[in-house]
Amino acid sequence: MDENTIKWSIDVDGCNFDTAGVASQSTKFKLKQLGLDNELSRRVAIAMYEGEINMVIHANGGVAEVEVFSDKIMVVLKDTGKGIADISLAMQEGYSTATEDIRDLGFGAGMGLPNMKRYSDNMEIITKVGEGTTVIMTFYMGNQSQQT
Amino acid sequence: MKISEVQEILGAQIVACAENVDVEIKSACGCDMMSDVLAFVKDQSILITGLVNPQVIRTALMMDMKCVVFVRGKKPDEKIIQMAQEHGIIIMTSDLRMYEACGLLYSHGLQAGGLKG
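An account of the accompanying structure is given in this report.

Here is what the cut-offs are and how they apply
- Residues numbered from 1 in each chain as written.
- Chains lettered and ligands numbered in written order.
- Predicted model: local features only at pLDDT ≥ 70, side-chain atom pairs only at ≥ 80, totals over all residues.
- Heavy atoms only, no water.
- Pairing = 2+ DSSP bridges.
- Helix = DSSP H or I, 4+ residues; strand = E, 2+ residues; numbered from the N terminus.
- Axes fitted to C-alpha atoms, helices over the stretch in contact; angles between N-to-C directions.
- Contact = heavy atoms within 4.5 Å.
- Buried area = accessible area lost by both parts, 1.4 Å probe.
- Salt bridge = Lys/Arg side-chain N within 4 Å of Asp/Glu carboxyl O.
- Polar contact = N/O pair within 3.5 Å; in protein donor to acceptor, adjacent residues only side chain to side chain.
- Nonpolar A, V, L, I, M, F, W, Y, C, P; charged D, E, K, R; others polar.
- Expected span 1.5 Å × (residues − 1).
- Buried < 20%, exposed > 50% of the residue type's maximum accessible area, 1.4 Å probe, protein only.

1. A word on the sheet that holds strand 3 (residues 46-49) of chain B
All names here are of chain B.
Stage number 1. If you walk across this open sheet you meet the five strands as 1-5-4-3-2, and the pairing is mixed. Looking along the sheet, the strands with just one partner apiece sit at the ends: strand 1 (13-16) and strand 2 (28-30). Neighbour to neighbour, the strand axes of the sheet diverge by 25 degrees on average, direction disregarded.
Stage number 2. In this structure, strand 3 lies alongside strand 4 (residues 67-70), joined through four bridges in parallel fashion. Looking at strand 4, one finds that Leu47 is bridged to Val68.

What follows is the structure, encoded as structure tokens:
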């Protein structure tokens, strides 16, 4: 593939809950600047935002990479946190290992991963307990099946 | 319904972006869990919540919402107000409880809007 793509990478600070979501916020802005459809930019931003929140509350931060192709957008979220022991359990709506403190902040309702799956067209999770998690999400342009 | 009418119905105080109150809105959502807002909301323009932290504004931003109403007398800090101002999101505060605020707006014709299944 010698396709020219546009990509960027943003560090996600795991120590500051207040700034969780900044990477998604700037990604949404960039996608709009690139002239991408509002609906698509919103899907990417929401899914990435949930992922970013997960990285902050469960994994002490990490790196978010976004790559824009001619027909799709790929978002890769990498952390070196504790990993996910049981992916199918983590994918269940309402299941969460977040603490009460996190719930007080409005997250940890067990909707993070399900939301990411819902808003992306394809999602792959590579994880190892004690080593970290990488989530790869793909969003196809012109695909309106995942309405936001 | 215009956002200025929402303010009137709720007896709310506007603390950010008062210049945008002429914006027309069609539906609202009341919720304290931001993940649920991200999961279930579709095209709502107003978020009514008792949760006060910067993530509320960020959630509104992600969802392209135009206004956040903090109920139960909750007051946003300067950081939250500044963030809303940067992005043109109106913030208002009301002493009403969530149930009452939502009920009043609903009975004045503001719908829940399209919820996603």
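2. With respect to the interface of chain A and chain B
Stage number 1. Of the residues lining the interface, 29 residues belong to chain A; the matching set on chain B comes to 26 residues.
Stage number 2. Between chain A and chain B, roughly 2,200 Å² of surface is buried when both sides are summed, and carbon and sulfur atoms account for 50% of that area.
Stage number 3. Applying the counting rule to chain A against chain B returns four salt bridges.
Stage number 4. Salt-bridge contacts for A:Arg42 lead to B:Asp64; the nearest nitrogen and oxygen are separated by 3.7 Å.
Stage number 5. Here chain A is connected to chain B by 17 residue pairs in polar contact (both at pLDDT 80 or more).
Stage number 6. If you tally residues by element for the side of chain A that touches chain B, the top one is helix 2 (residues 38-59) of chain A, at six residues.
Stage number 7. When the residues that make up the side of chain A that touches chain B are grouped by side-chain class, the tally is twelve nonpolar, nine polar and eight charged.

3. A short note on helix 1 (residues 22-33) of chain A
Stage number 1. Between the first and last C-alpha of helix 1 of chain A there are 16 Å, a value that for twelve residues agrees with the 16 Å anticipated at 1.5 Å per step.
Stage number 2. Along helix 1 of chain A, the residues classified as buried are A:Ala23, A:Ser24, A:Gln25, A:Thr27, A:Lys28 and A:Leu31.
Stage number 3. Looking at the buried positions of helix 1 of chain A, the neighbouring elements they touch are strand 1 (6-13), helix 2, strand 2 (61-68) and strand 3 (72-79) of chain A together with helix 3 (54-62) and helix 4 (78-86) of chain B.
Stage number 4. A positive phi of about 85 degrees marks A:Gly35, the residue just after helix 1 of chain A.

4. Quick notes on the pattern of salt bridges
Stage number 1. Under the definition given, this model contains eleven salt bridges over all chains.
Stage number 2. A salt bridge links A:Glu93 to A:Arg118, with the shortest nitrogen-to-oxygen separation between them at 2.5 Å. Of this pair, A:Glu93 sits in the loop between helix 3 (87-90) and helix 4 (100-104) while A:Arg118 sits in helix 5 (residues 112-119); the two residues are 25 residues apart in sequence, bridging distant segments of the chain.
Stage number 3. Where B:Asp32 meets B:Arg72, a salt bridge forms, and the shortest distance between an N and an O atom there is 2.8 Å. In this pair, B:Asp32 is assigned in the loop between strand 2 and helix 2 (34-40) and B:Arg72 in the loop between strand 4 and helix 4, connecting sequence segments 40 residues apart.
Stage number 4. Taking relative accessible area as the criterion, B:Asp32 reaches 27% and is therefore assigned partly exposed.
Stage number 5. For B:Arg72, a relative accessible area of 36% gives the class partly exposed.
Stage number 6. A network of salt bridges, in which partner residues are shared, links A:Lys28, A:Lys32, A:Glu39, A:Arg42 and B:Asp64.

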